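Listed here are the chains, written in short residue letters.
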Amino acid sequence: MKKLLIVFHSKTGGTYQMAQAAAKGACSEPEVAVNLIHAAETGPNELLQADAFIFATPENLAMMSGMMKDFFDRTYYAVLDLIIGRPYATLICAGSDGENAARQIQRIAAGWRLKAVAEPIIVCTHAQTPEAILAPKEIGEFDLQRCEEIGATLSAGLTLGIY
Ligand SMILES: Cc1cc2nc3c(=O)[nH]c(=O)nc-3n(C[C@H](O)[C@H](O)[C@H](O)COP(=O)(O)O)c2cc1C
């Protein structure tokens, strides 16, 4: 059985919905076990045990969220050189940008020498005012479908052994 790890953090629910959609897509392959887990609960063991990864984070202050950064800080050196070549994808939920959070994760993944299977998926919720930014988010069907597809792609690739 192949294993896909989906690590997420979410303050107002958007990233969580994206990660759930990716998990749903990934579950379309019965040969792949999907582990959808909060960044605070994820450590080196979860990374070592997985064959592929999806990293899902909000963009906060032009960076990945602090909780997601903490996950990478806690695990980076513990798994360095031990997960080389494994495939990954990135999901970013942002108000209006998201590019820098995506770039940060790309750099970390490059350090781990992971293999990107797709461009990062960035979903903008268009929250601009403090009220809108702090409100619960609802991700639309079109964007959920994109997340579902990336989960299904990773899962199919694992099943077929193409990574
Ligand atoms: C403290 C804070 C900082 C933020 N900074 C940015 C930012 O730099 N760029 C951006 O596009 N969105 C920014 N946002 C908006 C969030 O990315 C957006 O609300 C997104 O939906 C959050 O994802 P979540 O629902 O999973 O928490 C910020 C939100 C908060 C709370």
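Structure first, text after, so check above.
All figures in this text were calculated on a predicted structure; none of them were measured in a lab. Within each chain, residues carry numbers counting from 1 in the order of the written sequence. Local features in this predicted model are restricted to residues of pLDDT 70 or higher, and side-chain atom pairs are both shown and tallied only at a pLDDT of 80 or more, whereas totals for entire chains, interfaces and linings draw on every residue. The side-chain quantities take in all heavy atoms of the structure and omit both hydrogens and water.

(A) View of the packing of aromatic side chains. Here a pair means two rings of Phe, Tyr or Trp (six-membered ring of Trp) with centres within 6.5 Å. Their orientation is stacked below 30 degrees between planes, edge-to-face above 60, and tilted elsewhere. Summed over the entire model, instances satisfying the criterion amount to 10 aromatic pairs. Aromatic side chains Tyr-76 and Trp-112 sit 5.6 Å apart centroid to centroid with 15° between the ring planes, which places their arrangement in the stacked category. Separated by 36 residues along the polypeptide, Tyr-76 in helix α3 (residues 66–79) and Trp-112 in helix α4 (residues 99–112) bring together distant segments of the chain. With respect to burial, Tyr-76 and Trp-112 carry one shared label: buried. Grouped by ring-pair contacts, the aromatic residues Phe-53, Phe-55, Phe-71, Phe-72, Tyr-76, Tyr-77, Tyr-88 and Trp-112 constitute a single cluster. Where helices and strands are cited, they refer to DSSP runs of H or I of at least four residues and of E of at least two residues respectively, numbered from the N terminus. To sort residues, take the accessible area from a 1.4 Å probe on protein chains only and compare it with the maximum for the residue type: under 20% means buried, over 50% means exposed, and anything in between is partly exposed.

(B) Quick look at the packing of α3 against α4. Axes here refer to lines fitted to C-alpha atoms; in helices the fit is confined to the stretch in contact. Angles between the N-to-C directions go from 0 to 180 degrees. Following both chains from N to C, one finds α3 and α4 inclined at 20°, their axes separated by 10 Å at the closest point. Taken as axis vectors, α3 and α4 run roughly parallel relative to one another. Handedness of the α3/α4 crossing: left-handed. Side by side, α3 and α4 meet where Phe-72, Thr-75, Tyr-76 and Val-79 of the first sit next to Ile-105, Ile-108, Gly-111 and Trp-112 of the second. Of the residues contributing to the contact of α3 with α4, the split by class is 6 nonpolar, 2 polar and no charged. An angle below 35 degrees is treated as roughly parallel, one above 145 as roughly antiparallel, one from 65 to 115 as roughly perpendicular, and anything else as oblique. Here is the rule for handedness: rotate from the far helix to the near one, and if that takes an anticlockwise turn smaller than a right angle the crossing is left-handed, while a clockwise turn gives right-handed. Contacts between residues were defined by any pair of non-hydrogen atoms, one from each residue, lying within 4.5 Å. Each residue gets one label: Ala, Val, Leu, Ile, Met, Phe, Trp, Tyr, Cys and Pro are nonpolar, Asp, Glu, Lys and Arg are charged, and the others, such as Gly, are polar.

(C) Highlighting the side chain of His-9. Looking at the secondary structure, you find His-9 in the loop between β1 (2–8) and α1 (14–26). There is a polar contact of 2.8 Å between the side chain of His-9 and the side chain of Ser-65. Beyond its immediate chain neighbours, meaning those up to four positions away, His-9 contacts Thr-15, His-38, Ala-39, Ala-56, Thr-57, Pro-58, Ser-65, Met-67 and Met-68. Counting of polar contacts relies on pairs of N or O atoms within 3.5 Å, with two restrictions inside protein: one atom must be capable of donating a hydrogen and the other of accepting it, and residues adjacent in sequence are counted only when both atoms are side-chain atoms.

(D) Broad picture of the nonpolar core. Working definition of a nonpolar core: buried Ala, Val, Leu, Ile, Met, Phe, Trp, Tyr and Cys residues. They are joined through side-chain atoms within 4.5 Å. Formed by 26 residues in total, the largest nonpolar core has its most connected members in Phe-53, Phe-55, Phe-72 and Trp-112. Sorting the residues of this core by element identifies β1, β3 (52–60), α3, β5 (87–94) and α4 as the ones contributing at least two each. With 6 residues, the single largest contributor to this core is α4.

It is worth stressing that arrangement in space is one thing and function is another; only the former is reported here.
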